[in-house]
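What follows is each chain in one-letter form.
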Amino acid sequence: MTTSNEQTVAGVLATSMRDLLCGALRPEHVGQQVRVCGWVARRREHGEHLAFIDLRDRSGIVQCVVDGSVDLRSEYVVQVTGTVRPRPEGTLNETIATGAVEIGDCKVEVLAAAEPPPFGLEDRSEVDEQIRLRYRYLDLRRPRMQRNLRIRAAVNRALRAAMDRQGFVEVETPILWAPTPEGAREFAVPSRLHHGSFYVLPQSPQLAKQLLMVGGIDRYYQIARCMRDEDLRADRQFEFTQLDLEASFVTQDDVMAFVSEAVLDAAEVATGVRPGAIPRMTWHEAMDRFGVDKPDLRVEIELTDLSETFQDSEVRAFSAPVVKALRIPDGATFTRSKLDTLTEKAKSLGAQGLAWFRVQDDGSLDSPLDRFLADTERAAIVERSHAQAGDLVLIVADEWRRAVEVLGALRAQLLSPPVGEGEPRYVWVMDFPMFDGVDADGNPISAHHPFTMPHPDDFELMKTDPLKARSQAYDLVLNGWELGSGSVRIHRPDLQSEVFRALGISEEDAEQRFGFLLGAFRHGAPPHAGFAFGIDRLVAIFTGADTIREVIAFPKTQSGTDLMTQAPSTISNSALLELGIRTIPKES
RNA sequence: GGACCUGUGGUGCAGCCUGGAGUGCACGCCGCCCUGUCAAGGCGGAGGUCGCGGGUUCAAAUCCCGUCAGGUCCGCCA
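The numbering scheme is per chain: residues are counted from 1 as the chain's sequence reads. Chains carry letters and ligands carry numbers; both start at the beginning, A for chains and 1 for ligands, and go up in the order they are written. The predicted origin of the model limits local features to residues at a pLDDT of at least 70 and limits the giving and counting of side-chain atom pairs to 80 or more, whereas totals for whole chains, interfaces and linings rest on all residues. Computation of side-chain values: all heavy atoms of the structure, hydrogens and water removed.

(A) Examining helix α7 (residues 283-290) more closely. Listed in full, the buried residues belonging to α7 are Trp283, Ala286, Met287 and Phe290. One side of α7 carries all its buried residues, which in axial view fall inside an arc of 105°. The inward-facing, buried residues of α7 contact β11 (280-282), α10 (400-415) and β17 (426-430). Helical segments are the DSSP runs of H or I of at least four residues, strand segments are the runs of E of at least two, and each set is numbered from the N terminus. Where α7 ends, the next residue or the one after it, Gly291, has phi of about 80°, a positive value. Note on classification: 1.4 Å probe, protein chains only; a residue is buried when its accessible area is under 20% of the maximum for its type, exposed when over 50%, partly exposed between these limits. The directions from the helix axis to the C-beta atoms are what the arc is built from. Note on contacts: a residue pair qualifies if any of its non-hydrogen atoms lie within 4.5 Å across the two residues.

(B) Region of the structure containing the protein's contact with RNA strand B. Being near a molecule or strand, for a residue, means having at least one of its heavy atoms within 4 Å of it. Close to RNA strand B lie 50 residues, the nearest being Arg42, Thr91, Glu102, Gln130 and His448. Looking at RNA strand B alone, sugar and phosphate atoms form 49% of those within 4 Å of the protein. The separation between a base nitrogen of RNA strand B and a polar main-chain atom of Gly47 is 3.3 Å. Whenever a nitrogen or oxygen atom comes within 3.5 Å of another N or O atom, the pair is scored as a polar contact, on the condition that within protein one atom can donate a hydrogen and the other can accept it, and that pairs from neighbouring residues in sequence are kept only if both atoms are in side chains. Interatomic distance of 2.8 Å between a side-chain N/O atom of Arg124 and a sugar or linking oxygen of RNA strand B. The element that contributes the greatest number of residues to the surface near RNA strand B is strand β1 (residues 33-45), accounting for four residues. Taken together, the residues of the surface near RNA strand B break down into twelve nonpolar, 18 polar and 20 charged. Throughout this entry, Asp, Glu, Lys and Arg are counted as charged residues, while Ala, Val, Leu, Ile, Met, Phe, Trp, Tyr, Cys and Pro are counted as nonpolar. The remaining residues, Gly among them, count as polar.

(C) View of the side chain of Arg358. Inspection of the secondary structure puts Arg358 in strand β14 (residues 355-359). Contacts of Arg358, omitting those with residues within four sequence positions, involve Ala332, Phe334, Thr335, Arg336, Leu339, Ser364, Leu365, Asp366, Asp391 and Leu392.

(D) Broad picture of helix α12 (residues 493-503). Taken together, the buried positions of α12 are occupied by Leu495, Gln496, Val499, Phe500, Ala502 and Leu503. Angular distribution of buried residues about the axis of α12 spans 160°; they occupy a single face of the element. Those residues of α12 hidden inside the fold are in contact with β18 (435-438), β19 (444-446), α11 (459-464) and α13 (507-521). Directly beyond the C-terminal end of α12, a positive phi value near 80° is found at Gly504.

Here it is in C-alpha cells:
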C-alpha cells in the first residue's frame, strides 16, 4: 500500500505530547528517550516487578516494559515515557512491525481511564455488525477500520490529483437544491423562512454541473455527497460519495479517458498495482454474453445460445424466439429442492420456467425433459455449453431480453465470488438503449436520464422507433458492481424538446421542472459530457470489503437508522412550529 | 411492499430439528499468585428477561402465531 505511511509523515505526527508514533519504532531509535501516546491494547503482568503493555495508536502497536506493577485496564489512554532498546535475544516478535524493539524503563501517565470495551478491538475478534455500529467509535479504533479509512483518503487524494492534472476545476455545488421530481426519491428540507416550501438534498449534482458547463467552467469535478431516499443495500446507503465530473467540447471517448486515468491512479495507490487499460463492450454484447449490464468478468462462464438447435424442436418448453443456456460447474450435485428454488427464482424474474440438465458420469442427461429430447439436441446442450460430467446446465427459452436476464441473474447468484476477491476486472459498457420499456401511460422511460444524447447513428430511429434507439451513455463496471455512469448530454434545445416529447413530458412540464436548465441552454450551451462514479464502492472493492459500510465512518443500517445516534428521531414541537410542519401519526 | 437468514451472560458460538432443572465451550471481566511475556501463564470467582408478546403442553431457549431489531436479496435506486 502506498498510502501516506507513518514513515513519511512521522515528523509531522510528533506533537507537544509525543515524539513519534507507536508503530514507527525501529532499531534505529535504540538509545533514544521517547514519549508515545495511545490506548492500552493488552497488558501482561508478571507480579510486582515486571509488566508489559502493548500500546496502540493509529500506526500500530509497540511493547512498553514497566519494571514494577501498573494499575491499567484495557483501552486506558496513556502517555508513556521511556527508552527505546533492542529486545533481549529470543524475545523478538516477528508478527508486529515494531517487534525488534521495545520501550524500557517506562513511566506511564494515565490521560483517561476507560470502561472495559464491549468487544475486543483486535481484528481477529469477530463482532456482530449491530454491536460494532452501536459503538462505532470503538470499532474505528480497530486496525481494519483504520486501514479502510486511510485507503479511502488515499483514493480521494489520488482522484483529486488526477483530475487536477487533467485540468479539472473543483467546484462545490449546493446541498440545498430545488426539487426536480424525476428519478430517485429526494430528501426534503423544510424552509423556516418560507413555510410550506422545501429544499431537497441533491441525488446528484447533475443539473448543477451542466449549468457549470454553460458557465464556461469547461472542466468541472467534485467529490460530491449524493443523497437518495431509496432502500438500502450492501452497496447502497442513503448518502454516498461520487467523483462527479463534466467537461465541455468533448466526446464520450474523452470522458472515458479522463475517468480511466483517475480510476487507474486510485487503484494503483490503493492496491499497489496499476490495472491495464479498461476494455469496452456494448450493452447488447454484455446482455447477450452475461445477461446483465454490469457483467462480472471474473467469472469465465458465459451464456450460450441454443436457439438454432431448438428452432424446429418438438420440445414445447423450448418453442420461443430465443433459447439460452448457462453451465454451472459441478452443479449436478444440486438437490431437487435447490433446483426447485432456482426455478422459483427464475419464475419470479419473469421466466415461464427453468429447464435443468444434470450431466451424468456417462455423459447422459438427468432431467425431467430428457425423454422429450432428440439425440442431436442432447448433444448440443452438452457440447455448446462445454458441459462436463458433474455439471449442471440451465436453460431458459423466452424473448431475448428475458431469457438472458434470467440466466444472468442466476449466473451472478451461483457463480460470482465475493466482490473483493481475485483480480479486479474493469469494463466499460457502452451504447445503452435510450429508453428502458414504457410506463403505465405508454411513455418510454429514460434508461439514463432525459438529458442523454442519442447515439449519432440513431437520430432517425428516435423519430421512427425510439425504443430501439441507442444513447451515448456508458457505465463503468468492476467485478459485477456498477461503479458509475455517464453520458453525452443534449446541449441543443430543439433536440431536448424532441426527447421530452418522446418521453411524454409536455413543454409546460419540462419548463416547470427544468426551466432553469432549459433557459440556460438558450444562452449558448457548449457540447458537453460527464460521468460520476461511487467512491464508496470503489474503495470497498479495493479493501476487500463486501459492503460499503466497511469504508464509511458512520453508516446507517438497512432500515436507515443510525444505531449510535438513534437517528432518525423526533424533534421538539417548537422546532416543528418554527418550520411550519405538522406531523401525521403513523396509521396502525 | 415482499422472500429468506439471524437474535442464548460483556463478546463469539454450541444447544433448537427429536420439548424434560439455563446446561456447555472459547474470549473478556473481577480477585489472588507469578521477573521476559507478546492472543502470557496458574488458581478462584462473578455474570442470563434464551430479543419481546401470545399460544400449544404436565413441562418451551427448543414447537406454533405475532412482533421488534440486524443482515442478504427482489421491488425501488431517471
